[in-house]
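The lines below spell out each chain.
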Amino acid sequence: MVVASRGEHRAHPAPAGEATMKELTWDQTLSVEVPEIDEDHRRLVDLYNILSHAVAEGESAEYIAAVTDELIACTVWHFRHEERLMLKHGYDGLAEHKAEHEELMASAKDLQQKLQDQGKTVSSDEVQFLERWLMGHIYGADMPMGAYLSKAM
Ligand SMILES: [Fe+2]
Ligand SMILES: [Fe+2]
């Protein structure tokens, strides 16, 4: 997209040649063996990709904030979904898992707050932070939870 000026609704263009965009792909290696959780994770991966494209293409700060809000809302809903399933099926790692969700939401809300500050937008570093956040949590915490739930449900 053409950036006409450094007006308040124009994001900074990605520096030429910088590999800012990382596309995530949901495949079976990301499956936690619980279809309804996999479905949520697919949606989160899609939203992450939309955000990553928006940042790489220098979309407006307003648009990037809208995508971030959607990603955060979807993540909140998804965390509640997992917590309900863990509670229902007596997963003994619930408290620890829930604490990790709270930590992740605190970081996400910091990012959201930053976006609400005038004209700021997310950088590719922050997008990479979100990617590590999403993937790290799925591999580290959701996999063992899924292994338990897939047997208990
Ligand atoms: Fe989780
Ligand atoms: Fe999850």
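Relevant structure appears above.
Predicted model only: the values in this text are computed from it and were never measured.

Draft legend 1. The arrangement of the overall build of the chain in detail. When its secondary structure is counted, the chain shows four helices and zero strands. Counting every position in the chain, which comprises 153 residues, the buried fraction comes to 22%. Considering only residue pairs separated by 6 or more positions, the chain has 76% of its internal contacts joining residues 24 or more positions apart.

Draft legend 2. Layout of the packing of helix α1 (residues 35–56) against helix α2 (residues 61–88). Between α1 and α2, whose axes approach to 10 Å, the crossing angle comes to 165 degrees. Here α2 runs roughly antiparallel to α1, going by the angle between their axes. Our pair here, α1 against α2, has a crossing hand that is left-handed. Between α1 and α2, the contacting residues are Ile-37, Asp-40, Arg-43, Leu-44, Leu-47, Tyr-48, Ile-50, Leu-51, Ala-54 and Val-55 on the first element and Tyr-63, Ile-64, Val-67, Thr-68, Glu-70, Leu-71, Cys-74, Thr-75, His-78, His-81 and Glu-82 on the second. In terms of residue class, the contact of α1 with α2 is built from 13 nonpolar, four polar and four charged.

How each quantity is defined
- Residues numbered from 1 in each chain as written.
- Chains lettered and ligands numbered in written order.
- Predicted model: local features only at pLDDT ≥ 70, side-chain atom pairs only at ≥ 80, totals over all residues.
- Helix = DSSP H or I, 4+ residues; strand = E, 2+ residues; numbered from the N terminus.
- Buried ≥ 20, exposed ≤ 12 C-beta atoms within 10 Å, placed from the backbone.
- Contact = placed C-beta atoms within 7 Å.
- Axes fitted to C-alpha atoms, helices over the stretch in contact; angles between N-to-C directions.
- Parallel < 35°, antiparallel > 145°, perpendicular 65-115°, else oblique.
- Left-handed = near helix turned anticlockwise from the far one by under 90°.
- Nonpolar A, V, L, I, M, F, W, Y, C, P; charged D, E, K, R; others polar.

Structural measurements only, silent on function.
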